[in-house]
Amino acid sequence: MNTVGAALLSDVQKEVLDEVLVGVPYNSASQFHEYFGTKAAPPRFGLSCAWQSFTAGRMVMERSGIPAEYLIDGRHVAAVYRQQDSLVILDPYLLHGEPLRLDRGTAVDGVVRTTVDAYPYRVKADGTPAPSRVRATWDLGDDTIRLDYLRFSPRRGHNTASRSFLLRPDSRIDTVPPAADFVRRLLVHPEQHSVSIRVLHPVTRQMAELILPLAGRPAGVAEDGHLMLTKDNQGAVAQHGDARFERDLEVVADAVSASRDDVVAFLLEAAAIHRAAAPAGLDLAPYSLEDE
């Protein structure tokens, strides 16, 4: 790729990442509707983490002609762009505000590292800003890429490791999206212990999340609504019936241009689909009600 081509690709990657962050929310319920339900979810409601990466890769391809390489760790997928002496990674689920760029020439002892700010941008007790961080580590020896998401915890007063993924060169996904049977198995994995919609509001850039835990639910779908909870930009949890719950739900609904009732119904239906599709005896961990 010539210099002009590389510069244009860099601009496209940055533009696409930002568009996906605010326009394609993380929604762990969407693929239940698509793969076990009767139809795909409305695009504005968002997609699961892998589909966020697929979407980013498709958009970059449409605008630049450059395809992504998709690497998977468990149930997580990132879009990777390889050049002769560098890597660029787009992983919207990890909420990094800039593409992750790793240059071979900056290696120290055979390892390339970079760290960028990520959402949510929180506030410390003294009022100073506290962005989250994503750290990417590229080991030139075995060509593995480690991604660590470090989110600021107001309760602890410092950034804490929230997610970590290891992408190996032999973990490439060659068919996008993967085969339906493969996807269905991952959707009912024990790690899937909730369905949720997490938004980055396009105007305020504040994060909010509506969550329905899947463990310990009553038999009737109507009662599931009372188990819902929300998280605000600071990671504070509010349960159904709390005024803060209504406030956070309004942020989620506004971000996806839907009514609050429609957003709630979307998660309730996904939970009902999960109940019907999950294998007998599936053991799910309870969802933590502790503020971050």
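What you see is a predicted model; the values in this text were computed from it and never measured. (Residues numbered from 1 in each chain as written. Predicted model: local features only at pLDDT ≥ 70, side-chain atom pairs only at ≥ 80, totals over all residues. Heavy atoms only, no water.)

Chemist: Outline the environment of Pro 43, supporting the account with residue identities and numerical values.
Modeler: Turning to its location among the elements, Pro 43 is positioned in the loop between α2 (30-35) and α3 (49-64). Remark: the alpha-carbon pair of Pro 43 and Val 24, spanning 19 residues in sequence, is separated by 7.4 Å. (Helix = DSSP H or I, 4+ residues; strand = E, 2+ residues; numbered from the N terminus.)

Chemist: So what's going on with the environment of His 158? Residues and values would help.
Modeler: Along the chain, His 158 falls in strand β9 (residues 158-167). Overall, the relative accessible area of 42% leaves His 158 in the partly exposed class. For the pair His 158 and Pro 218, spaced 60 residues apart in sequence, the C-alpha separation works out to 37 Å. The residues touching His 158, leaving out its near neighbours within four places in the chain, are Arg 151, Phe 152 and Ser 153. (Buried < 20%, exposed > 50% of the residue type's maximum accessible area, 1.4 Å probe, protein only. Contact = heavy atoms within 4.5 Å.)

Chemist: Quick one: what's the story with the nonpolar core, residue by residue and with numbers?
Modeler: In this structure, Ile 145, Leu 147, Val 195, Leu 210 and Val 263 are the most contacted members of the largest nonpolar core, which totals 81 residues. Residues in contact with Leu 147, not counting those within four places in the same chain, are Ala 78, Ile 89, Asp 91, Leu 94, Leu 100, Arg 135, Ala 136, Arg 163, Ser 164, Phe 165 and Leu 167. (Core = buried A, V, L, I, M, F, W, Y, C linked by side-chain atoms within 4.5 Å.)

Chemist: Tell me about the sheet that holds strand β7 (residues 129-139), and name the residues and values.
Modeler: Taken together, four strands build an open sheet; the order of strands is β6-β7-β8-β9 and the sheet is antiparallel. This sheet does not close on itself; its edge strands, each paired only once, are β6 (111-123) and β9. Pairwise comparison of adjacent strand axes, ignoring direction, gives a mean angle of 20° for this sheet. Here 11 bridges tie β6 to β7, and the two strands are oriented antiparallel to one another. Note on β7: the bridge partner recorded for Tyr 121 is Pro 131. (Pairing = 2+ DSSP bridges. Axes fitted to C-alpha atoms, helices over the stretch in contact; angles between N-to-C directions.)

Chemist: Talk me through helix α7 (residues 260-277); I want residue IDs and the actual numbers.
Modeler: Note on helix geometry: an α-helix contains 3.6 residues per turn, so any two residues three or four positions apart are oriented the same way. Here α7 spans 26 Å end to end across 18 residues, near enough to the 26 Å set by a 1.5 Å rise per residue. When α7 is considered as a whole, its buried residues turn out to be Val 263, Val 264, Phe 266, Leu 267, Leu 268, Ala 270, Ala 271, Ile 273 and His 274. (Expected span 1.5 Å × (residues − 1).)

Chemist: Lay out the sheet that holds strand β2 (residues 69-73) in plain terms, naming residues and giving numbers.
Modeler: In spatial order, the strands read β5-β4-β3-β2-β10; together these five strands make up an open sheet with antiparallel pairing. On the outer flanks of this sheet lie β5 (100-103) and β10 (172-173), each paired with one strand and no other. Alignment of strand β4 (residues 86-90) against β5, held across four bridges, turns out to be antiparallel. In the strand pairing of β5, Ile 89 is matched with Leu 100. Relative to the sheet, α3 contacts β2, β3 (76-83), β4 and β10, its axis offset from that of β3 by approximately 30°.

Chemist: Let's hear about α3: which residues, and what values?
Modeler: A rise of 1.5 Å per residue sets the reference length of α3, with its 16 residues, at 22 Å; its end C-alpha atoms lie 23 Å apart and thus fit the reference within 8%. Turning to α3, its buried residues are Cys 49, Ala 50, Trp 51, Gln 52, Ser 53, Phe 54, Thr 55, Ala 56, Gly 57, Met 59 and Val 60. Gly 65, located one to two residues past α3, shows a positive phi value of around 80°.

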